[in-house]
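Read off the chains here:
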Amino acid sequence: MRTTVGAIIITAAGMQGVAGPAAAQHATANDIADGERAYGESCVVCHGPDGDLIASIDLGRGLFRRPLTDEEITGIIINGIPDTPMPPTPGMTAEQAERIVAYIRSLADDSSDPAAGGDAERGRSLFFGKGECTECHAVAGTGARHGPDLSIIGRERRAVELEVSLLDPAAIVQPTGRTYRVVLPDGETVTGRLLNHDTFTVQLIDTDDRLRSFVKTEVAGHGFAETPMPSYRDTLSAGEIADLVSYLVSLQGQVDE
Amino acid sequence: MNERIAVLVLATLAVAQARAEVTFERLLNAADEPENWLNYSATYDNQRYSRLDQITRGNVGELELKWIWQARSLEKFEATPLVVDGILYTVQAPNDIVALDAATGRVFWTYHHENLPEARACCGSVNRGLAILGETLFMGTLDAHLIAVDAISGQLKWKTKLADAAEFYSITMSPLVVEDRVIIGTGGGDGGARGIIAAFDAATGEELWRFLTIPGPGEPGNETWSGDSWRRGGAAVWNHAAYDPETGLAFWGTGNPAPVWDGRSRLGDNLYSDSVVALDVDTGELVWHYQFTPHDEIDYDSTQVPILTDVEWQGEERKAMLWANRNGLIYLIDRVTGEFLHGKPFVAVNWMDGFDENGRPNQILFPTPEGTLFKPHVHGATNWAPPAYSPRTGLYYVSHWEDSAIVAVEGEFPRSAGVNTRQTAMGQIDQQRFFNNEEEAHGVIRAYEPSTLDQVWEYRMADITWAGTLATAGDLVFGGGREGHFIALDAESGELLWTAPVGGQVNAGPMSFAVDGTQHIAVAAGNALFTFALP
């Protein structure tokens with residue numbers, strides 16, 4: 001999860017020149033990457049990979065219990081908050097802390113919302129039409145099942161992440177979306193979304209939407225494979241990407257009583 | 001990993017590649033594909049009989065463990081799995097659906113249902129199993145919803161609320177699928193929840209009909225409840241139904257009236273508590289009923305799993321129903337008309353001394369302020385564990401126990417170690433007194449001849465049992481009990497042929513399936529699902 005979020009931000013920053021406010025305005029992609037690593041070492045255990053595990057705090061969306069300047073956050077990272085579970089981090093330099101701040105700010109940056117200007121209804125038409133997304137994905141029971149289900153993707157992913165998935169699918173691969181390939185003794189190749197695996201066996205849902213299970217020692221070959229998700233960089237316009245992202249963001253879960 | 005498992009897996013692939021949806025036709029003819037297990041008790045007649053005959057009386061001693069799946073749940077594991085073309089589906093209590101590779105026991109996916117905070121069950125946050133139609137699994141939930149989940153992806157398709165969990169409604173039973181409908185009932189009778197059986201469109205979750213197990217004012221049967229006691233009278237539905245395609249009827253057992261151990265506030269027979277109700281599956285209309293225990297004050301839920309079979313009765317073949325009841329009596333009933341054909345005690349029974357011509361029991365013992373000793377126990381002679389019937393031996397296999405308990409009307413009997421203490425006006429019971437007396441309390445698996453209802457053989461256990469039975473074409477009966485032994489008996493003689501020390505209570509019905517033509521036997525015990533096959 002941490003790696004994935006880092007990759008998203010780096011990719012997004014690289015593509016769009018994303019830079020956060022305040023100190024982050026001066027941060028480079030490398031600074032943010034350093035901050036991401038430091039966050040993973042010092043912060044993630046309590047705050048979680050998305051920064052939202054502490055009540056009333058959502059670092060990924062720039063929400064604190066009160067508004068904080070970059071300097072204040074830097075101070076809190078180094079000195080902690082007395083009489084709270086937030087500990088000091090002895091030995092952390094101001095520069096390191098500033099890079100964590102840059103990373104946090106980059107997470108919360110919405111100055112380049114990929115859904116901005118998009119039309120969710122047009123995006124829906126693209127999803128079920130030109131984009132051929134239902135060849136692999138389902139929304140509320142409509143579509144194929146061997147790609148990750150997208151019924152609540154708007155709850156699970158930010159717009160920037162969804163855009164990256166559309167433009168550069170290999171840059172973001174969630175644990176639940178990995179592709180696995182098995183070569184049977186007769187040479188037939190079975191590819192599908194990995195559901196489970198262990199030392200001896202592997203379980204996947206193949207491209208014909210079948211649940212399949214294999215014993216690794218009894219097949220001719222097996223291993224992770226590139227995602228079959230195509231890039232839409234050259235097949236959809238920037239406006240269409242924004243439409244599609246808008247639609248995906250709108251998928252907050254439609255199955256209920 | 002040995003070669004055999006590889007062969008199994010490859011064969012599973014072959015089956016999977018021919019994957020077909022589970023149509024109603026397949027459900028109707030489930031006995032014809034014994035490699036699968038498509039209904040709670042395999043077939044609509046609930047015979048829990050497998051035509052697989054690879055495991056026999058001659059080789060059952062060689063059965064060995066194939067795999068174990070550990071549930072991440074400390075609740076009792078009461079579910080019988082389904083197996084569909086190499087995929088095994090079961091329930092991790094209370095309400096997670098798990099899809100497993102039937103050959104290796106490895107998990108494909110888990111669907112988690114988050115119950116509402118007010119969800120509660122009187123007697124354990126359990127679930128007894130799933131139903132399937134097409135590529136959709138159906139499960140009732142502890143918070144009284146029915147949900148539909150995609151059998152391939154594990155994604156929720158729809159969710160429908162049957163009743164309000166805050167009013168003590170719950171669902172623990174497995175659904176019944178008929179044609180394009182899913183039919184299920186509600187528990188919660190001990191809390192007074194008025195029983196519901198409702199049918200839903202399998203594709204959409206839209207409710208099609210609803211039958212209330214206690215008639216409302218103006219409906220026949222309402223007069224069997226004094227005052228407005230019918231409003232919170234229980235008669236819950238919490239175990240699997242039988243379905244008879246010939247008549248279009250389905251049969252559910254109903255639970256005790258409430259309050260259970262003190263009937264002074266609900267004078268009358270209290271229909272349709274402790275009954276079997278035969279409903280038209282198209283409309284939900286009541287076609288007939290038979291009440292096993294009128295005005296029950298002992299807790300004799302009639303929520304056993306009915307078995308349908310044709311039985312020769314007084315020289316005539318009758319479309320019959322076999323029912324070993326919690327009240328200690330075993331019954332032969334005409335399933336077309338509901339006529340009581342025959343009934344008799346199958347354990348020590350002291351609360352009645354015979355039937356009238358309509359099959360109404362003549363009750364001779366009642367709760368008293370001093371406490372009345374009842375046989376069988378308030379937990380009954382048998383409870384919910386599914387029985388089996390073998391068309392080969394013609395015998396009916398029931399796991400049950402001998403036991404007794406004291407019941408007293410409220411406030412007069414010293415409060416004992418009974419359960420349900422949070423419930424009001426329910427009388428008091430002493431359930432513990434005879435638990436350590438081997439002559440009073442012990443479990444058995446017995447075989448009964450259907451027309452006479454005579455006992456043919458008995459296998460006796462030291463402890464009582466809540467395990468179901470499975471009959472197979474290998475002339476075996478599988479069962480178990482609280483002691484943590486899973487056993488195989490000779491279906492003709494009851495001789496013990498094989499035991500497996502599974503190390504946890506067997507509280508579920510065993511089942512059988514095949515992958516690569518290799519017969520497996522599966523049963524839940526403790527918090528795990530065990531599968532066995534020949535080496």
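Residues numbered from 1 in each chain as written. Chains lettered and ligands numbered in written order. Predicted model: local features only at pLDDT ≥ 70, side-chain atom pairs only at ≥ 80, totals over all residues.

### A closer look at the pairing of strand E23 (residues 352-355) of chain B
All names here are of chain B. Note the threshold: Strand pairing is defined by DSSP finding a minimum of two bridges between the two strands. A run of H or I in DSSP becomes a helix once it reaches four residues, and a run of E becomes a strand once it reaches two; helices and strands are each numbered from the N terminus.
Alignment of E23 against strand E24 (residues 361-363), held across two bridges, turns out to be antiparallel. Paired with Met 352 across the strands is Gln 363, a residue of E24. The hairpin turn running from E23 into E24, its antiparallel successor, is five residues long, and Gly 359 in that turn takes a positive phi close to 85 degrees.

### Side note on unusual backbone geometry
The test is simple: Here the C-beta atoms are placed from the backbone, and a residue counts as buried if at least 20 other C-beta atoms lie within 10 Å of its own, exposed if 12 or fewer do, and partly exposed otherwise.
In this structure, the amide linkage connecting Ala 93 of chain B to the following residue, Pro 94 of chain B, adopts the cis form with an omega of 0 degrees. Not every positive phi belongs to a glycine, and Ala 140 of chain A is a case in point at roughly 50 degrees. Inspection of the secondary structure puts Ala 140 of chain A in the loop between strand E1 (138-139) and strand E2 (142-143). Phi is positive for Asp 475 of chain B, which is not a glycine, with a value near 60 degrees. As for its placement among the helices and strands, Asp 475 of chain B is situated in the loop between strand E32 (470-472) and strand E33 (476-480). For Asp 475 of chain B, a count of 20 C-beta atoms within 10 Å gives the class buried.

### A closer look at the pairing of strand E12 (residues 181-185) of chain B
Remember that side chains alternate between the two faces of the sheet whenever the strand is regular. Residues and elements named next belong to chain B. The buried fraction of E12 is high, at five of five residues. Of the two faces of E12, the one holding Arg 181, Ile 183 and Gly 185 and the one holding Val 182 and Ile 184 are both buried throughout. The hairpin turn running from strand E11 (residues 176-178) into E12, its antiparallel successor, is two residues long, and Glu 179 in that turn takes a positive phi close to 55 degrees. Pairing geometry for E12 and strand E13 (residues 196-201), over five bridges, is antiparallel. Paired with Ile 184 across the two strands is Ala 198, which belongs to E13.

### Topic: the sheet that holds strand E17 (residues 275-280) of chain B
Residue and element names in this part refer to chain B. Threshold: Interaxial angles span 0 to 180 degrees and are taken between N-to-C directions of axes, which are lines fitted to C-alpha atoms, for helices over the stretch in contact.
On the basis of which strands lie adjacent, the open sheet formed by four strands has the order E15-E16-E17-E18 and antiparallel pairing. Only two strands of the sheet have a single neighbouring strand rather than two, namely strand E15 (242-244) and strand E18 (286-291). Ignoring which end each strand starts from, the neighbouring axes of this sheet average 20 degrees apart. Sheet analysis places E15 next to strand E16 (residues 249-253), joined by three bridges and oriented antiparallel.

### Description of the confidence of the model for chain B
Counted only if it meets this: Scored between 0 and 100, pLDDT is the confidence that the predictor attaches to each residue. For every residue pair, C-beta atoms are placed from the backbone, and the pair is scored as a contact if these atoms sit within 7 Å.
Here chain B averages 91 in pLDDT, and 91% of its residues register 70 or above. In the predicted structure, residues 1-18 of chain B sits below a pLDDT of 50 and forms 38 contacts with residues beyond four places in sequence or in another chain.

### Let's talk about the sheet that holds strand E30 (residues 442-448) of chain B
All names here are of chain B. Here four strands make up an open sheet; going across it, the order is E26-E27-E30-E31 and the pairing antiparallel. With partners counted over all chains shown, the strands left at the sheet margins are strand E26 (388-390) and strand E31 (455-461), one partner each. Averaged over all pairs of adjacent strands, the angle between strand axes in this sheet comes to 25 degrees, irrespective of strand direction. Taken together, the seven bridges between strand E27 (residues 395-402) and E30 define a ladder with antiparallel strand orientation. What sits directly across from Trp 401, in E30, is Gly 443.

### Considering the packing of helix H6 (residues 120-128) of chain A against helix H9 (residues 238-250) of chain A
Residue and element names in this part refer to chain A. For clarity, the cut-off: Should an angle lie under 35 degrees it is considered roughly parallel, over 145 roughly antiparallel, and from 65 to 115 roughly perpendicular; all remaining angles are considered oblique. Ten residue types, Ala, Val, Leu, Ile, Met, Phe, Trp, Tyr, Cys and Pro, are classed as nonpolar, four, Asp, Glu, Lys and Arg, as charged, and the remainder, Gly among them, as polar.
With their axes 7 Å apart at the nearest point, H6 and H9 run at an angle of 95 degrees to one another. Put simply, H6 runs roughly perpendicular to H9. Only Glu 240, Asp 243, Leu 244, Ser 246, Tyr 247 and Ser 250 of H9 make contact with H6, whose side of the interface consists of Ala 120, Arg 122, Gly 123, Arg 124, Leu 126 and Phe 127. Partitioned by chemical class, the residues of the contact of H6 with H9 number five nonpolar, three polar and four charged.

### Details of the environment of Glu 132 of chain A
Topologically, Glu 132 of chain A is positioned in the loop between H6 and E1. Along the backbone, Glu 132 of chain A and Pro 90 of chain A are 42 residues apart, and their C-alpha atoms lie at a distance of 53 Å.

### Topic: the packing of helix H8 (residues 159-167) of chain A against H9 of chain A
Residue and element names in this part refer to chain A. Rule in force here: Crossing handedness: left-handed means the near helix sits turned counterclockwise from the far one by under a right angle, and right-handed means the same turn made clockwise.
For the pair H8 and H9, the least separation of the axes is 9 Å and the interaxial angle reads 125 degrees. In terms of orientation, H8 lies oblique with respect to H9. H8 and H9 meet at a crossing whose hand is right-handed. Touching Ala 159, Leu 162, Glu 163 and Leu 166 of H8 are Ile 241, Leu 244, Val 245, Leu 248 and Val 249, all from H9. Across the contact of H8 with H9, the residue classes tally to eight nonpolar, no polar and one charged.

### Observations regarding the environment of Pro 387 of chain B
Residues and elements named next belong to chain B. Take Pro 387: it is sitting in the loop between strand E25 (372-374) and E26. For the pair formed by Pro 387 and Tyr 459, sequence separation is 72 residues and the distance between their alpha carbons is 14 Å. Among residues more than four places away in sequence, those in contact with Pro 387 are Val 305, Ile 307, Ala 324, Tyr 396, Tyr 397, Val 398, Gly 468 and Thr 469.

### Observations concerning H9 of chain A
All names here are of chain A. Under the convention used in this document: The length a helix should cover is 1.5 Å for every residue beyond the first.
For H9, with 13 residues, the first-to-last C-alpha span of 18 Å sits near the 18 Å given by 1.5 Å per residue. Across the 13 residues of H9, ten count as buried, placing the element largely inside the fold. Where H9 is buried, its residues meet H6, helix H7 (153-156) and H8.

### Here's the deal with helix H2 (residues 29-42) of chain A
When the terminal C-alpha atoms of H2 of chain A are compared, their 20 Å separation across 14 residues agrees well with the 20 Å that a helix rising 1.5 Å per residue should span. Of the residues making up H2 of chain A, those classed as buried are Asp 31, Ile 32, Ala 33, Gly 35, Glu 36 and Tyr 39 of chain A.

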